Amino acid sequence: MFKNKKTFKMAIVSSMAALMLAACGGGDSKESSKDVLAQIKDEKKIVFGVKHDTRLFGLKNPSTGEVEGFDIDLSKALAEEMFGSDVKPEYKEVTSKTRVGLLNNGKIDAVVATMTINEERKKEVDFTDVYFDAGQSLLVKKGSKIKGLEDLKKGTKVLAVKGSTSAVNIREKAPETQVLEYENYAEAFTALKSNKGDALTTDDAILYGMAEEDPSYELVGGTFTEEPYGIAVKKGNKELVDELNKALKSLKDSGKYDEIKSKWIKE
Ligand code: GLU
C-alpha cells in the first residue's frame, strides 16, 4: 500500500494531525476555545438560553412578544449583579432537546431553562450551584383513573418532552407504559388536551404552570425524582461558573432571590 517507509511515516503523521484537529473541533477550535466570560465582557452582552413554552419559568407572551418567568427574572438579576449596566442580557429560545447543542456551538452563553443537574449532563456542560428544587410528577385530567406511577401500566400512554430527564426517568419507573415524546411543553400539553395520552410527565413546577393555565388538569401521585435546577455553561468555563455562583449567593443573601421566586412560584 505504501511505496516506502517514508510515505508510510508521512501517512501516520498526517492522520495523527487530522485526529488532533478533529479533537479540537476542527477549524473552529480557536473560536470555540475562547473564554466565554471574556467574550461576554468584550461584546458587552450575555446571551441566556431560556424556554419560550414553559409557564412560570420561561413563556413568550404573545401580546407583548416578551418572554416571562422565573428563569428570565433570575437571569436578568444575575447579569445585573455580575456586570451592573455594562453588559446587556439577551435571550434566545431553547428547548430541552436543543439547549446543550446551542451552548456548545456558542449561540448562547448560559442555559437558564428548568435544567436538571445530573452526572450524565456534567460530562457535556458545567453547572452552577442549585438554584431551584423540583421533582418529577404526573399531570392528568381531573377525574382520571390514574392517581400515580402505579397506574401507568401496559396500555397507558404518557406524554413527555424530547431531551428531558422526565422522558428517561419515566421509562425506568413505569417500564410497561408507552411513552410519546414531543418537541416542547406547549406541544405536549396540547397533545394531552386532545387525548393523545393519559398523563403528561415532567417536573412538578412545570406541571403547576399547566394546571394554572387549565384548571381541569391536576397533579397526581406526588414527586418520584429529584430535579435540582442549575445554570449550564460550556465546559471549561470555571470563571464564569464562579461568577454566577457568587451572584446567585448575593441574590439569596439580599432577599432578591426570594422576591423573584415568590413572584412566580406559589408554595
Ligand atoms: N428538569 C428536567 C430536565 O432538565 C425537565 C424539564 C425540562 O425538560 O427542561 O430535563
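- In the annotation of an unreviewed UniProt entry, the protein chain is listed under the name Glutamine transport system substrate-binding protein and assigned to Peribacillus deserti.
- Per its UniProt entry, the protein chain bears the Sequence similarities (unreviewed entry) comment "Belongs to the bacterial solute-binding protein 3 family."

**Observations regarding the packing of helix 4 (residues 70-83) against helix 10 (residues 238-254)**
Line of reasoning, step 1. As a packed pair, helix 4 and helix 10 sit with axes 9 Å apart at the nearest point and diverge in direction by 105°. Taken together, helix 4 and helix 10 sit at an angle that is classed as roughly perpendicular. Facing Leu 74, Ala 77, Leu 78, Glu 81 and Met 82 of helix 4, the residues of helix 10 in contact are Glu 243, Leu 244, Ala 247, Leu 248, Ser 250 and Leu 251.

**Some remarks on the pattern of salt bridges**
Line of reasoning, step 1. The tally for this structure, following the rule as stated, stands at 14 salt bridges.
Line of reasoning, step 2. Taking the shortest distance from any N to any O, the salt bridge between Lys 238 and Asp 242 comes out at 2.9 Å. Residue Lys 238 and its partner Asp 242 are located together in helix 10, separated by 4 residues, close to a single helical turn.
Line of reasoning, step 3. Overall, the relative accessible area of 57% leaves Lys 238 in the exposed class.
Line of reasoning, step 4. The class of Asp 242 is partly exposed, set by a relative accessible area of 35%.
Line of reasoning, step 5. Taken together, the salt bridges that share partners define one network made up of Arg 55, Lys 193 and Glu 213.

**Comments concerning the sheet that holds strand 10 (residues 157-161)**
Line of reasoning, step 1. Across the sheet, 5 strands lie side by side as 11-10-12-9-13; this open sheet has mixed pairing. Two strands in the sheet have a free side with no partner beyond their single neighbour: strand 11 (178-182) and strand 13 (217-220). Strand after strand, the sheet turns through a mean of 35° between neighbouring axes, direction not considered.
Line of reasoning, step 2. One ladder, built from 2 bridges, connects strand 10 with strand 12 (residues 199-203); its direction is parallel. Its bridge partner being in strand 12, Val 158 is matched across the sheet by Ala 199.

**Details of the site of the ligand**
Line of reasoning, step 1. The local shell around the ligand holds 16 residues, among which Lys 51, Ser 96, Thr 114, Tyr 185 and Asp 203 are the closest.
Line of reasoning, step 2. Here an oxygen atom of the ligand sits 2.6 Å away from a polar atom, N or O, in the side chain of Ser 96.
Line of reasoning, step 3. Notes on the ligand: free accessible area 280 Å², of which the protein chains cover 100%.
Line of reasoning, step 4. If you map the ligand onto the pockets, it falls in the largest cavity.

**Notes on the nonpolar core**
Line of reasoning, step 1. Residues Phe 70, Tyr 131, Phe 132, Leu 139 and Leu 200 are the most contacted members of the largest nonpolar core, which totals 52 residues.
Line of reasoning, step 2. Per element, the largest residue contribution to this core is 8 residues, and it comes from helix 4.
Line of reasoning, step 3. Those residues in contact with Leu 200, other than ones at most four positions away along the chain, are Ser 137, Leu 138, Leu 139, Leu 159, Ala 188, Phe 189, Leu 192, Leu 207 and Met 210.
Line of reasoning, step 4. Formed by 13 residues, the second largest nonpolar core is a distinct cluster that contains Val 158, Ala 167, Val 179 and Phe 224.

**Side note on unusual backbone geometry**
Leaving glycine out, the prevailing phi sign among residues is negative, and the prevailing peptide bond configuration is trans.
Line of reasoning, step 1. Of note in the backbone geometry, Lys 44 takes a positive phi value of approximately 55° without being a glycine.
Line of reasoning, step 2. By the element assignment, Lys 44 lies in the loop between helix 3 (36-43) and strand 1 (45-50).
Line of reasoning, step 3. At Asn 195, a residue that is not glycine, the phi angle is positive and equals roughly 60°.
Line of reasoning, step 4. Note on placement: Asn 195 falls in the loop between helix 8 (185-193) and strand 12.

So, how was this worked out
Residues numbered from 1 in each chain as written. Predicted model: local features only at pLDDT ≥ 70, side-chain atom pairs only at ≥ 80, totals over all residues. Heavy atoms only, no water. UniProt positions renumbered as here; feature names shortened; annotations may be inferred. Axes fitted to C-alpha atoms, helices over the stretch in contact; angles between N-to-C directions. Helix = DSSP H or I, 4+ residues; strand = E, 2+ residues; numbered from the N terminus. Parallel < 35°, antiparallel > 145°, perpendicular 65-115°, else oblique. Contact = heavy atoms within 4.5 Å. Salt bridge = Lys/Arg side-chain N within 4 Å of Asp/Glu carboxyl O. Buried < 20%, exposed > 50% of the residue type's maximum accessible area, 1.4 Å probe, protein only. Pairing = 2+ DSSP bridges. Near = heavy atom within 4 Å. Polar contact = N/O pair within 3.5 Å; in protein donor to acceptor, adjacent residues only side chain to side chain. Areas by Shrake-Rupley, 256 points an atom, 1.4 Å probe, with all protein chains shown as cover. 1 Å grid on protein atoms, 1.4 Å probe; cavity = no way out; pocket = protein on both sides within 12 Å on 5 of 7 lines; lining within 4 Å. Sits in = over half its atoms within 2 Å of the grid points. Core = buried A, V, L, I, M, F, W, Y, C linked by side-chain atoms within 4.5 Å.

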